[in-house]
Amino acid sequence: MHNAPGPAALTTAERAIDARFRAILARLPRHGPAGWLTEFAVFGLKQAWACVFGGAMLAVIFAAHLWYPRDPAFARNDFLTLAAVAIQIAMVAGRLETLRELRVVVLFHLVGTVMELFKTQVGSWSYASDGLLRIGAVPLFSGFMYAAVGSYLVRVNRLFDLRFTRYPRRWLTALLAAAIYANFFTNHYVLDLRWLLIAAVALVFGRCVMQFRIFRFRWRMPLLLAFLLVAFFIWLAENIATWSNAWLYPSQLGGWHFVSPAKLASWFLLMIISVVLVTWISPPQPPDDGQPPTSAGPAAADVSSGQVRRRTPVR
């Protein structure tokens, strides 16, 4: 976090969209229920915008399950791979992602594909065997699902202007992420250390508080809670993907059922790897005032004019 460059800026397309929405939202009430409803609506819109890559991927997977021909001349897995490539090209061409951010997305793709190759080999989950665009038992679209997580994290960082109080040293988080990634492989041969690693995550990140700007105010949340919430929504998306037969766990081969909630632990740990990769291009930034938050709820900052000013939060 030391000697870090400035926070990531909105892309050209996002600045134009942001200006139009601000012109509309600025006329809405600032205080009371209507003011809080505005904040909530903007939060939902920003989250949806941050999820555009993952949402598009999930929509294609869902639609292919419902409407793709049963005996196609072109394999469904290959179609999903080409659709994922088209989505990624559109993200960059539409200036929704920068080329610098694309490097992290590609790294997510590579890290995820290596894990997929190993996990399918040991039988943790499996894909349909159709298609040519694959490496071994792994269709190439699988790496894009990891890339979707990377895309979300780099986009949410700039859309919400994330700031962190007491963020741990990046070298320490990198060591922790490396240990977590290694455990995804070694747990098949030696003791599974995931619960010990979760305890280590709680120790390393436990004091960190995340501040995020929605519209007029900054809000704050313990970073561990943010990790857990994102992991929960990834788990929900995983249930949609497995229902759509994108991949299946061994227990689902005889008939689909919800993915075990125990998988939340894996997704929680994956969040640490993901966050560490994102800090490669977007080092965590401290709050503008350099002071830790003093109470729960929205941070005492008014950002309606683009400037952060200390004020008393609305109750």
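Scroll up for the structure.
Residues numbered from 1 in each chain as written. Predicted model: local features only at pLDDT ≥ 70, side-chain atom pairs only at ≥ 80, totals over all residues. Heavy atoms only, no water.

Draft legend 1. Molecular detail of the packing of helix α9 (residues 223-243) against helix α10 (residues 263-278). Packing of α9 against α10 brings their axes to within 8 Å, and their N-to-C directions diverge by 120°. One finds that α9 runs oblique with respect to α10. Once α9 is placed against α10, the crossing between them reads as right-handed. Contacts between α9 and α10 pair Leu 224, Phe 227, Leu 228, Val 230, Ala 231, Phe 232, Ile 234, Trp 235 and Glu 238 from the former with Lys 263, Leu 264, Trp 267, Phe 268, Met 271, Ile 272 and Val 275 from the latter. Of the residues assigned to the contact of α9 with α10, the class counts are 14 nonpolar, no polar and 2 charged. (Axes fitted to C-alpha atoms, helices over the stretch in contact; angles between N-to-C directions. Helix = DSSP H or I, 4+ residues; strand = E, 2+ residues; numbered from the N terminus. Parallel < 35°, antiparallel > 145°, perpendicular 65-115°, else oblique. Left-handed = near helix turned anticlockwise from the far one by under 90°. Contact = heavy atoms within 4.5 Å. Nonpolar A, V, L, I, M, F, W, Y, C, P; charged D, E, K, R; others polar.)

Draft legend 2. Structural view of empty space enclosed by the protein. Applying the stated criterion across every chain, the model contains 1 cavity of 30 Å³ or more. A volume near 70 Å³ is recorded for the largest cavity. Forming the walls of the largest cavity are Phe 108, Val 111, Gly 112, Met 115, Tyr 146, Tyr 181, Leu 270, Ile 273, Ser 274 and Leu 277. Put simply, the parts of the chain that give the lining of the largest cavity at least two residues each are α5 (99-121) and α10. (1 Å grid on protein atoms, 1.4 Å probe; cavity = no way out; pocket = protein on both sides within 12 Å on 5 of 7 lines; lining within 4 Å. Points joined across faces, edges and corners; volume = space filled by probe spheres on them.)

Draft legend 3. Fine view of unusual backbone geometry. Located in the positive-phi region is Arg 95, a residue other than glycine, with phi close to 60°. With respect to the helices and strands, the residue Arg 95 is situated in the loop between α4 (76-93) and α5. Looking at Arg 95, the relative accessible area reads 52%, which means it is exposed. In the Ramachandran plot, Arg 166 falls in the positive-phi region, its phi being about 60° despite a non-glycine side chain. (Buried < 20%, exposed > 50% of the residue type's maximum accessible area, 1.4 Å probe, protein only.)

Shape descriptors only; they carry no functional weight alone.
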